[in-house]
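Survey of secondary and tertiary structure
Residue strings, one per chain:
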Amino acid sequence: DVKVTQSSRYLVKRTGEKVFLECVQDMDHENMFWYRQDPGLGLRLIYFSYDVKMKEKGDIPEGYSVSREKKERFSLILESASTNQTSMYLCASRGERGQSYEQYFGPGTRLTVT
Amino acid sequence: GEDVEQSLFLSVREGDSSVINCTYTDSSSTYLYWYKQEPGAGLQLLTYIFSNMDMKQDQRLTVLLNKKDKHLSLRIADTQTGDSAIYFCAERTDFNKFYFGSGTKLNVKP
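Only a predicted model underlies this, so the values are computations on that prediction, with no experimental measurement involved.

1. A short note on the side chain of A:S65
Residue and element names in this part refer to chain A. Here S65 lies in strand β7 (residues 65-70). In terms of polar contacts, S65 uses its side chain to reach the side chain of E79, at 3.2 Å. Here S65 is in contact with Y47, S75, L76, I77 and E79, once residues within four sequence places are set aside.

2. Structural notes on the interface of chain A and chain B
Contact residues are listed per partner, giving 24 residues for chain A and 22 residues for chain B. Listing elements by their share of the side of chain A that touches chain B, those giving two or more residues are β4 (31-38), β5 (42-49) and β9 (87-94) of chain A. In the side of chain A that touches chain B, the residues fall into eleven nonpolar, eight polar and five charged.

3. As for the packing of aromatic side chains
When we look at a pair of aromatic rings, we describe it by the centre distance and by the angle of the planes. Tallied over the full model, the rule gives 14 aromatic pairs over all chains. Geometrically, the ring pair formed by A:Y35 and A:F105 is tilted, given 5.8 Å between the ring centres and 40 degrees between the ring planes. With a gap of 70 residues between them, A:Y35 in strand β4 and A:F105 in strand β10 (residues 104-105) connect regions that are remote in the sequence. Of the two residues, A:Y35 and A:F105, neither departs from the other in class, the shared state being buried. An aromatic cluster of three or more residues is present, and its members are A:F33, A:Y35, A:F48, A:F105, B:Y31, B:Y33, B:Y35, B:Y48, B:F50, B:F98 and B:F100. The ring of B:Y48 is capped by B:K56, whose NZ or CZ atom sits 3.9 Å from the centre of that ring.

4. Overview of the pattern of salt bridges
Residue and element names in this part refer to chain A. Summed over all chains, the structure comprises nine salt bridges over all chains. We note a salt bridge from E79 to K18, for which the minimum N-O separation is 3.5 Å. Residue E79 is found in the loop between β8 (73-78) and β9, and its partner K18 is found in the loop between β2 (10-13) and β3 (19-25); the two are separated by 61 residues along the sequence. Residue classification places E79 among the partly exposed residues on the basis of a relative accessible area of 44%. Between R44 and D38 there is a salt bridge, and its shortest N-O distance comes to 2.9 Å.

5. Observations concerning unusual backbone geometry
All names here are of chain B. Its identity as a non-glycine residue notwithstanding, Q59 has a phi of 55 degrees, on the positive side. Tracing the backbone shows Q59 in the loop between β6 (55-58) and β7 (61-66). A relative accessible area of 75% places Q59 in the exposed class. Positive phi values are uncommon outside glycine, yet K70 reaches one of about 55 degrees. Along the chain, K70 turns up in the loop between β7 and β8 (71-76). In this structure K70 comes out as partly exposed when scored by relative accessible area, which is 22%.

Reading the values: the criteria
- Residues numbered from 1 in each chain as written.
- Chains lettered and ligands numbered in written order.
- Predicted model: local features only at pLDDT ≥ 70, side-chain atom pairs only at ≥ 80, totals over all residues.
- Heavy atoms only, no water.
- Helix = DSSP H or I, 4+ residues; strand = E, 2+ residues; numbered from the N terminus.
- Polar contact = N/O pair within 3.5 Å; in protein donor to acceptor, adjacent residues only side chain to side chain.
- Contact = heavy atoms within 4.5 Å.
- Nonpolar A, V, L, I, M, F, W, Y, C, P; charged D, E, K, R; others polar.
- Phe/Tyr/Trp six-rings, centres within 6.5 Å; stacked < 30°, edge-to-face > 60°.
- Buried < 20%, exposed > 50% of the residue type's maximum accessible area, 1.4 Å probe, protein only.
- Lys NZ or Arg CZ within 6 Å of the ring centre and 35° of its normal.
- Salt bridge = Lys/Arg side-chain N within 4 Å of Asp/Glu carboxyl O.

So this is what it looks like as structure tokens:
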């Protein structure tokens, strides 16, 4: 079974703090993704990476950065957290083999910025 | 991004069929997916359909695709209380991008 794990299920941070969200997958997948999920808005793609040290902006990259130093790990960084970044953050990974190109999701990190 | 639209809520009685609908705008979609999210959990793939198919059945789940109208539906037969969750439809268009709908919250009443 594919496993995608995220470092925390719940986080509470203060405005202006630097926040790191970590994601690890154990299936040797090339592609990894960070989404945020907000009620009524569904999932919106923040950043994705198709290889180590490679990153691409998604639809809402402002206020975020990412790091992919190792294939299995993809980090999302909030340089200076703001209250409008309070959200559920979901990490996903996807391999290049297989017909369906399915994305496998982690359990999510619920971040509250006060 | 592309527009993928779903209604936000659906309520059914246990034992009835549920039909969750989705519309999308990009005619170059290759795969369309249905994901389920239970409370406090990530998304789990339920089923998918390739864009050259009209229908796919998998036990209690039936996916219908009308490519002309860009309409996708998920039918759950004999809905159970354990089916209560948020259901997301998603399309895969470009090489590495998926677009998700806003999710439909299914409430199953006993």
